[in-house]
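One-letter residues, chain by chain:
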Amino acid sequence: MARIVNVNNYLPPVVKDAREFKRIADAENPEFNLQWENIDVLWANQYVMESTIEGVERWEKIINILPRANDTLQDRKIRILSYINRTLPCTMKVLLNYLESVCGSGNYSAILDPVAYTLQIKTIGLSEFAIEDVSEMLDIMIPADIVYTYTNQVG
């Protein structure tokens with residue numbers, strides 16, 4: 001949300017044409033624009049998938065997880081979401097919401113056979129480290145009496 005501030009627009013008509021006030025306003029404009037950019041970054045960092053690297057580092061510090069040496073920013077975001085979304089007991093709806101947040105719309109499938117107590121989960125295009133994080137999360141979320149298979153299809 002880029003917002004361009006021009007203090008000249010807010011000057012009262014009495015001083016609007018004074019050269020000194022125009023110069024003061026021109027000097028203040030970059031500072032106000034910088035503050036709006038900082039506010040946009042702070043706002044984005046509240047949401048994991050919108051976060052900058054600083055936001056991801058802050059999330060990791062809050063939930064006390066360490067990034068791996070060769071993690072991408074996306075891998076780190078997925079790990080944070082995996083931690084945040086640990087909701088027990090797991091229902092099918094919770095599982096689908098988790099897969100939606102990690103994989104994106106249409107990049108996963110989950111087929112449950114309630115009679116045989118089996119669950120087939122397939123994701124598309126996750127990185128090697130994201131696959132590890134999803135596997136760990138599935139081990140936590142899925143009840144022990146359900147046998148599940150998890151596969152990832154490369155892009």
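Residues numbered from 1 in each chain as written. Predicted model: local features only at pLDDT ≥ 70, side-chain atom pairs only at ≥ 80, totals over all residues. Heavy atoms only, no water.

On to the side chain of Ser82. Among the structural elements, Ser82 can be located in helix α3 (residues 73-84). Classification of Ser82 as buried rests on a relative accessible area of 5%. In this structure, Ser82 is in contact with Tyr98, Asp133 and Met137, ignoring residues within four places of it in sequence. (Helix = DSSP H or I, 4+ residues; strand = E, 2+ residues; numbered from the N terminus. Buried < 20%, exposed > 50% of the residue type's maximum accessible area, 1.4 Å probe, protein only. Contact = heavy atoms within 4.5 Å.)

Another aspect to go through is the sheet that holds strand β1 (residues 108-113). Spatially, β1-β2-β3 is the arrangement adopted by the three strands of the open sheet, whose pairing is mixed. Edge positions in the sheet fall to β1 and β3 (147-153), since each has one partner strand and no second. For this sheet the average axis-to-axis angle between neighbouring strands, irrespective of direction, equals 10°. Across seven bridges, the pairing between strand β2 (residues 118-124) and β3 is parallel. Directly across from Ile121, in β3, lies its bridge partner Tyr150. (Pairing = 2+ DSSP bridges. Axes fitted to C-alpha atoms, helices over the stretch in contact; angles between N-to-C directions.)

So, about the packing of α3 against helix α5 (residues 128-141). One way to put it is that α3 packs onto α5 with a least axis distance of 9 Å and a crossing angle of 5°. Put simply, α3 runs roughly parallel to α5. From α3, Asp75, Ile78, Arg79 and Ser82 reach across to α5, where they touch Phe129, Ala130, Asp133 and Met137. Classifying every residue of the contact of α3 with α5 by side-chain character gives four nonpolar, one polar and three charged. (Parallel < 35°, antiparallel > 145°, perpendicular 65-115°, else oblique. Nonpolar A, V, L, I, M, F, W, Y, C, P; charged D, E, K, R; others polar.)

In this section: the packing of helix α2 (residues 53-63) against α3. Following both chains from N to C, one finds α2 and α3 inclined at 35°, their axes separated by 10 Å at the closest point. The handedness of the crossing between α2 and α3 is left-handed. Every residue of α3 that contacts α2 at Ile53, Val56, Glu57, Trp59, Glu60 and Ile63 is listed here: Leu73, Arg76, Lys77, Ile80, Tyr83 and Ile84. Among the residues making up the contact of α2 with α3, the classes are represented as eight nonpolar, no polar and four charged. (Left-handed = near helix turned anticlockwise from the far one by under 90°.)

The residue Asn6 is located in the segment before α1 (19-44) in this model. When the C-alpha atoms of Asn6 and Tyr108 are compared, they prove to be 47 Å apart, with 102 residues separating the residues in sequence. At 3.2 Å, the side chain of Asn6 forms a polar contact with the backbone nitrogen of Asn8. (Polar contact = N/O pair within 3.5 Å; in protein donor to acceptor, adjacent residues only side chain to side chain.)

Here the focus is the pattern of salt bridges. Across all of its chains, the model carries five salt bridges by this definition. In this structure, Arg68 engages Glu132 in a salt bridge whose closest nitrogen and oxygen atoms are separated by 3.5 Å. Taken together, the residues span a long stretch of sequence, with Arg68 in the loop between α2 and α3 and Glu132 in helix α5 at a distance of 64 residues. Close ionic contact of Arg79 with Asp133 constitutes a salt bridge, the shortest N to O distance being 3.2 Å. (Salt bridge = Lys/Arg side-chain N within 4 Å of Asp/Glu carboxyl O.)

Let us now look at the pairing of β2. Of the two faces of β2, the one holding Leu119, Ile121 and Thr123 is buried and the one holding Thr118, Gln120, Lys122 and Ile124 is not buried anywhere. In the sheet, β1 pairs with β2 via six bridges, with the strands oriented antiparallel. Each bridged residue has a counterpart across the sheet, and for Tyr108 the counterpart in β2 is Thr123. Once the chain exits β2 it traverses α5 before rejoining the sheet at β3, and the crossover so formed is right-handed. (Right-handed = clockwise from strand over helix to strand, strands pointing away.)

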